[in-house]
Amino acid sequence: MTDAISSILSQIRAHEMRMRGPDAAAGNAIAPSALAPGAAGSAQAAPGFQQTLNNAIDSVSRAQNTSGALQQAFEMGDPRADLARVMVAMQQSSVAFRATVEVRNRLVQAYQDVMNMPV
């Protein structure tokens, strides 16, 4: 199970480095502003894990809403909503939702593994 946790942590670190951009410092050091919750951070700070997760969930929600709107427009006979666009939007929202559920499952499993570790 520790390999799965290490894999998730490395994926999170890689995503965080991509979010910071090419000017990010090398290494996995924790920023001093992350240690002090009340400390003032820089104006260009990269979004944290919670913000990244919220953005991903919002993106999935938007994809599902777009898919639903296209499906309803197709059912109502809107000529701009052709079947191909509706099917692609439905598949995109389905894949995004399944990926989100898998991430949630992995996070829950990692949390359970950490909580079950002997102290």
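Residues numbered from 1 in each chain as written. Predicted model: local features only at pLDDT ≥ 70, side-chain atom pairs only at ≥ 80, totals over all residues. Heavy atoms only, no water.

The chain is annotated in an unreviewed UniProt entry as Flagellar hook-basal body complex protein FliE of Lysobacter stagni. UniProt annotates the chain under Subcellular location (unreviewed entry) with the comment "Bacterial flagellum basal body". Its UniProt record, at the heading Sequence similarities (unreviewed entry), says of the chain: "Belongs to the FliE family." (UniProt positions renumbered as here; feature names shortened; annotations may be inferred.)

Undergrad: Would you mind going over the side chain of S67 in detail, with residue names and values included?
TA: The residue S67 is located in helix 3 (residues 49-75) in this model. Residue S67 is classed as buried on the basis of its relative accessible area, which comes to 5%. Ignoring sequence-local partners within four residues, the contact set of S67 consists of A89, M90 and S93. (Helix = DSSP H or I, 4+ residues; strand = E, 2+ residues; numbered from the N terminus. Buried < 20%, exposed > 50% of the residue type's maximum accessible area, 1.4 Å probe, protein only. Contact = heavy atoms within 4.5 Å.)

Undergrad: Run through the confidence of the model for the chain, naming residues and quoting values.
TA: Per-residue pLDDT for the chain averages 79, and the proportion of residues at 70 or more is 71%. Element-level mean pLDDT values for the chain span from 45 in helix 2 (residues 32-35) up to 93 in helix 4 (residues 83-115). pLDDT under 50 marks residues 24-36. Its contacts with residues more than four places away, or in other chains, come to six contacts. (pLDDT = per-residue confidence, 0-100.)

Undergrad: Go over the nonpolar core, please, and point to the residues and values.
TA: By size, the foremost hydrophobic cluster in this structure holds five residues: L70, A73, A81, V86 and A89. Secondary structure elements with two or more residues in this core: helix 3 and helix 4. Residues in contact with A89, not counting those within four places in the same chain, are S67 and L70. (Core = buried A, V, L, I, M, F, W, Y, C linked by side-chain atoms within 4.5 Å.)

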